[in-house]
Amino acid sequence: MARKPFIAGNWKMNMTVESGKQLIAELKPLVKEAKCDIALCVPAILIPAMAKAVKGSKIKLGAQNVHFAENGAYTGEISAEMLKDYGVKYVIIGHSERRQYFGETDETVNKRTLTALKNGITPIVCVGETLSERENDETEKVLSRQLEIGLKDVEDVTKLVIAYEPVWAIGTGKTATDEQAQETIKFIRKKLGKLFGVKNANKVKIQYGGSMNAKNCKGLMAQPDIDGGLIGGASLKLDFATIVNYDK
Ligand code: 13P
């Protein structure tokens, strides 16, 4: 069965209750006819208000992180149960900004992924190489390590989404070419095949992320192994609707 395309926005540390509500109200009619699955991953504190805002639309709600413990003495953290309270369906795990600034490792990515899966929240597990890793020809080695450790002990890989986000393309306006993105995502699928079996790997949705916008989305989405996008900057504007409607 063909994989259903999935476009998700990552608001990162942007928007407020008011601006978020307004953007969602404007997006709603524009995404009504979309054929893909849609999510917005919003800052944790905006989840309650945005949960109300997306009601009655095709937009599902996502978070940007989840703690790996069910509950307990983890000041400042948010549990899967808390996310579920507000109907959160997706959670971004291991975004490169968290790896870069907040000490996220492949091991903590793995723990968070297992917790999200256990709680029925779909993890969007982010992988990707830095510029120096690409220049040193280490892309495949880095991605292999991120997948081997990050997805260790996952029982059903088809229940998660992978986002391939080359770090050098994030927020830089420097998108991977269609061919670069396709080639690398094909490698990721091959690696998933080795880890979880080809049949399962062929069911996993793999998104591209990194300066994806209203202009370049069509070309990226036309690639056989690219099943969607994880959109940063362009998800803060109505351009997000254009991306969601990439096939129109
Ligand atoms: P930009 O689309 O702003 O480059 O961000 C991509 C990203 O990091 C999505 O998670």
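In this report, we go over the structure that sits alongside the text. (Residues numbered from 1 in each chain as written. Predicted model: local features only at pLDDT ≥ 70, side-chain atom pairs only at ≥ 80, totals over all residues. Heavy atoms only, no water.)

### Brief notes about a positive patch on the surface
A contiguous patch of positive charge, built from K58, K60, K89 and K248, is present on the exposed surface. With respect to the helices and strands, K248 occurs in the segment after helix 11 (239-244). (Patch = residues over 30% accessible without salt bridge, like charges linked within 9 Å, V, L, I, M, F, W, Y side chains within 5 Å. Areas by Shrake-Rupley, 256 points an atom, 1.4 Å probe, with all protein chains shown as cover. Salt bridge = Lys/Arg side-chain N within 4 Å of Asp/Glu carboxyl O. Lys, Arg positive; Asp, Glu negative; His and termini not counted. Charge placed at Lys NZ, Arg CZ, Asp CG, Glu CD. Helix = DSSP H or I, 4+ residues; strand = E, 2+ residues; numbered from the N terminus.)

### Thoughts on the packing of helix 5 (residues 106-118) against helix 7 (residues 139-150)
The geometry of helix 5 relative to helix 7 is characterised by a closest axis approach of 8 Å and an angle of 45° between their N-to-C directions. In terms of orientation, helix 5 and helix 7 fall into the oblique class. In this structure, helix 5 crosses over helix 7, and the sense of that crossing is right-handed. Residues D106, E107, V109, N110 and T113 of helix 5 lie in contact with helix 7, whose contacting residues are R145, Q146, I149 and G150. (Axes fitted to C-alpha atoms, helices over the stretch in contact; angles between N-to-C directions. Parallel < 35°, antiparallel > 145°, perpendicular 65-115°, else oblique. Left-handed = near helix turned anticlockwise from the far one by under 90°. Contact = heavy atoms within 4.5 Å.)

### Observations regarding the site of the ligand
Within the structure, the ligand sits among N10, K12, H95, E165, A169, I170, G171, G210, S211, L230, G232 and G233. Between the ligand and S211 there is a distance of 2.7 Å, counted from an oxygen atom to a backbone nitrogen or oxygen. Here G232 contributes a backbone N or O atom positioned 2.9 Å from an oxygen atom of the ligand. Burial of the ligand by the protein amounts to 94% of the accessible area it has alone, namely 310 Å². Split by residue class, the shell around the ligand holds three nonpolar, seven polar and two charged. (Near = heavy atom within 4 Å. Polar contact = N/O pair within 3.5 Å; in protein donor to acceptor, adjacent residues only side chain to side chain. Nonpolar A, V, L, I, M, F, W, Y, C, P; charged D, E, K, R; others polar.)

### So, helix 8 (residues 178-196)
Between its first and last C-alpha, helix 8 extends 26 Å over 19 residues, near the 27 Å set by a 1.5 Å rise per residue. Residues of helix 8 that are buried: A181, Q182, T184, I185, F187, I188, R189, K191, L192, G193 and F196. Of the residues one or two after helix 8, G197 is the one with positive phi, at around 95°. (Expected span 1.5 Å × (residues − 1). Buried < 20%, exposed > 50% of the residue type's maximum accessible area, 1.4 Å probe, protein only.)

### So, helix 1 (residues 17-31)
Since there are 3.6 residues in each turn of an α-helix, residues three or four apart along the chain are aligned in direction. Taking 1.5 Å as the rise per residue, helix 1 with 15 residues should run 21 Å; its terminal C-alpha atoms sit 21 Å apart, in good agreement. Buried-residue contacts for helix 1 involve strand 2 (37-41), helix 2 (47-53), strand 3 (59-63) and helix 11.

### Examining the layout of surface pockets
The computed volume of the largest pocket comes to approximately 560 Å³. Along the wall of the largest pocket there are 21 residues; nearest its centre are P43, Q64, N65, R98 and F102. The biggest single contributor to the lining of the largest pocket is helix 4 (residues 96-101), with three residues. Counted by class, the lining of the largest pocket contains eleven nonpolar, six polar and four charged residues. (1 Å grid on protein atoms, 1.4 Å probe; cavity = no way out; pocket = protein on both sides within 12 Å on 5 of 7 lines; lining within 4 Å. Points joined across faces, edges and corners; volume = space filled by probe spheres on them.)

### Describing the pairing of strand 6 (residues 161-164)
In strand 6, alternate side chains face the same way, and those of V161 and A163 on one face and I162 and Y164 on the other are all buried. With four bridges connecting them, strand 5 (residues 122-127) and strand 6 associate as parallel partners. Opposite C126, over in strand 6, you have A163 as the bridge partner. (Pairing = 2+ DSSP bridges.)

### Comments concerning the pattern of salt bridges
Scanning all chains against the criterion turns up 17 salt bridges. Residue R99 pairs with D106 through a salt bridge whose shortest N-O separation is 2.7 Å. Side by side, R99 and D106 carry an identical accessibility label, which is buried. Between R189 and D225 there is a salt bridge whose closest N-O contact spans 2.6 Å. Remark: D225 occurs in the loop between helix 10 (217-221) and strand 8 (228-231) and R189 occurs in helix 8; sequence separation between them is 36 residues. Linked through salt bridges whose partners overlap, the residues forming this network are R3, R189, D225 and D227.

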